[in-house]
Amino acid sequence: MQLTRSERAILAAPLLVVLSIWLLGPAILGLISTFSNYAPVEPSVEWVGLHNFQTILSDRTFGAAIRNIVVFTLIAVPLELATGFGLASAMRRPFRGRSAVRLLLLLPWMVSPIASGVMWRFLFDSETGLLGVAFRSIGLPAPPSPLSQHGLALVTVVFVETWRVAPLVAFLLLPGLTSIPRERWEDAALDGVSRLGRIRHVALPALGPLVLAVTMFLSGGALATFDSVLTTTGGGPGTETLMPALYSYDKAFTFSDWPIGAASAWLIGGAVLVAGLAYLRLSRRADP
């Protein structure tokens, strides 16, 4: 039996009420506050218009954060997709212990970004890290942590995030890969199609909508990167790994500049919203 429009509205009403009270209401109030000088300790609130946003956009530090997040997203998202797809392809065929391997693959994702960042900062440390111990065991001085080196810090953060996120990508893509009939793979192999060609002509057409959804999910997560950077580099050295979310956090809680912190947070939210709208547009084009 198909529900009428009024019946669907009644069923959705409790959810809409909860979202309005606990999500949409505070979000709208937060957006309105970005056009004022509101802060928890501000004795008088005044309307400042676009001043907060103008201050952010003219801040070179925020410009560096934008540059970093663009580079981070353009490198990390394809790398996570490629690594995750490779792991999923390796598990496409059944083998003994595959279920256990799938569970183990989720462990990096199940570890919180804070804990993951602390772990990798410890492992890369020149005194306590694995490289330091290995170098000292053969009589060589311990190299400095790549997290503290210009030119290496951002690359290392990308590696840490890929280690954490790529297994989840594999977990998401694996059901789609296993649903492709085996005959398609065998026919492509008999036709002499290379492994890369089989991925292009067999896997990607079947997984197109799923890959698009995972890509948008990863892009939204990358744009909001915060926890792992906070615990690994703190945005350093200098501003080399500073991300917009960390910029917002520093402004609001480190420098007690609440209006700037709130306004920059909304810019991040706007970027994630744009990524979501792009996904909706692309998914509609992909629909037959």
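The structure presented is a predicted model; accordingly, all values stated were derived computationally and were not measured. Numbers given to residues run from 1 along each chain, matching the order in which its sequence is written. Thresholds applied to this predicted model are a pLDDT of at least 70 for local features of residues and 80 or more for the giving and counting of side-chain atom pairs; totals over whole chains, interfaces and linings are not thresholded and use all residues. Side-chain descriptors were evaluated using all non-hydrogen atoms of the structure, hydrogens and water having been removed beforehand.

S.K.: Help me understand the overall build of the chain in this model?
M.R.: Counting secondary structure elements, the chain contains 13 helices and zero strands. Each helix (α) and strand (β) of the chain, taken in turn from the N terminus, gives the series α-α-α-α-α-α-α-α-α-α-α-α-α. By its C-alpha atoms, the chain is 75 × 75 × 30 Å across when sized along the principal axes. Any pair of residues with heavy atoms lying within 4.5 Å of one another is described as a contacting pair. Of all intrachain contacts in the chain linking residues separated by at least 6 positions in sequence, the fraction that spans at least 24 positions is 65%. Only the protein chains shown count as cover for residues, and the accessible areas themselves come from Shrake-Rupley with a 1.4 Å probe. Split by element, the accessible area of the chain, about 17200 Å² in all, is 68% carbon and sulfur. Considering the chain, the positive charge centre built from 21 side chains and the negative charge centre built from 17 side chains are found 11 Å apart. Each helix corresponds to a stretch of at least 4 residues labelled H or I by DSSP, and each strand to a stretch of at least 2 residues labelled E; elements are numbered beginning at the N terminus. For the purpose of counting charges, residues Lys and Arg are taken to be positive, whereas Asp and Glu are taken to be negative. His and the chain ends are not included. The atoms used to mark charge sites are NZ of Lys, CZ of Arg, CG of Asp and CD of Glu.

S.K.: Would you mind going over the layout of surface pockets with me for this structure?
M.R.: Over the atoms, a rolling probe the size of a water molecule traces out where space has been left empty. A cavity here means a set of 1 Å grid points, computed over protein atoms only, where a 1.4 Å probe fits but cannot escape. A pocket is an open set with protein on both sides within 12 Å along at least 5 of 7 lines, and lining residues have an atom within 4 Å of a point. Grid points are joined across faces, edges and corners, and a volume is the space filled by probe spheres set on the points. If you add up the space inside the largest pocket, you get close to 320 Å³. In terms of lining residues, the largest pocket is bounded by 13 residues, among which Arg-92, Arg-93, Trp-185, Arg-195 and Arg-198 are the most central. When contributions to the lining of the largest pocket are tallied by element, the ones reaching two or more residues are helix H3 (60-90), helix H9 (182-190) and helix H10 (195-223). By residue class, the composition of the lining of the largest pocket is six nonpolar, one polar and six charged. Computed from the structure, the second largest pocket encloses a volume of approximately 240 Å³. Lining of the second largest pocket is provided by 15 residues; of these, Glu-161, Arg-164, Gly-221, Ala-222 and Thr-225 occupy positions nearest its centre. Mapped onto the lining of the second largest pocket, the elements with two or more residues apiece are helix H8 (153-178), H10 and helix H11 (227-232). By residue number, the principal contributor to the lining of the second largest pocket is H10, which donates four residues. Considered class by class, the residues forming the lining of the second largest pocket number eight nonpolar, three polar and four charged. Basically, the charged four are Asp, Glu, Lys and Arg, the nonpolar ten are Ala, Val, Leu, Ile, Met, Phe, Trp, Tyr, Cys and Pro, and anything else, Gly included, counts as polar.

S.K.: Explain the packing of aromatic side chains to me, please; I cannot follow it from the model alone.
M.R.: When we look at a pair of aromatic rings, we describe it by the centre distance and by the angle of the planes. Centres within 6.5 Å are what make two rings of Phe, Tyr or Trp a pair, Trp counting through its six-membered ring; a difference in plane orientation under 30 degrees is then read as stacked, over 60 as edge-to-face, and the rest as tilted. In the structure shown here, the tally under the stated rule is ten aromatic pairs. Ring geometry for Trp-120 and Trp-163: centres 5.4 Å apart, planes at 80 degrees, overall edge-to-face. Of this pair, Trp-120 sits in helix H6 (residues 113-124) while Trp-163 is found in helix H8, placing the two residues 43 residues apart along the sequence. Each residue is assigned to one of three classes by its accessible area relative to the maximum for its type, calculated with a 1.4 Å probe on protein chains only: buried under 20%, partly exposed between the two thresholds, exposed over 50%. A relative accessible area of 12% means that Trp-120 is categorised as buried. When its relative accessible area of 29% is taken as the criterion, Trp-163 is described as partly exposed. A connected cluster of aromatic rings, assembled from ring pairs, spans Trp-120, Phe-124, Phe-159 and Trp-163. The criterion is that NZ of a Lys, or CZ of an Arg, lies within 6 Å of the ring centre and within 35 degrees of the ring normal, and then a charge sits over that ring. Of note, Lys-251 hangs over the ring of Phe-255, and the distance from its end group to the ring centre comes to 5.7 Å.

S.K.: Whenever I open this one, unusual backbone geometry confuses me. Can you help?
M.R.: Residue Pro-237 is bonded to the preceding Gly-236 through a cis peptide linkage, with omega at -5 degrees. Along the chain, the position of Pro-237 falls in the loop between H11 and helix H12 (244-254). Positioned with a positive phi, Ser-256 is a non-glycine residue whose angle comes to about 55 degrees. In this structure Ser-256 comes out as exposed when scored by relative accessible area, which is 61%.

S.K.: Just checking my understanding: could you explain the pattern of salt bridges for this structure?
M.R.: Salt bridge criterion: a side-chain nitrogen from Lys or Arg within 4 Å of a carboxyl oxygen from Asp or Glu. Evaluated as defined, the whole model comprises two salt bridges. Asp-59 serves as the salt-bridge partner of Lys-251, at 3.9 Å between the closest nitrogen and oxygen. Note that Lys-251 is positioned in helix H12 and Asp-59 in the loop between helix H2 (51-57) and H3, a separation of 192 residues in sequence. Here Glu-161 ties to Arg-164 by a salt bridge, and the two come within 3.3 Å at their closest N and O atoms. Here Glu-161 and its partner Arg-164 are both found in helix H8, three residues apart, which amounts to about one turn of the helix. For the pair formed by Glu-161 and Arg-164, the shared burial category is buried.

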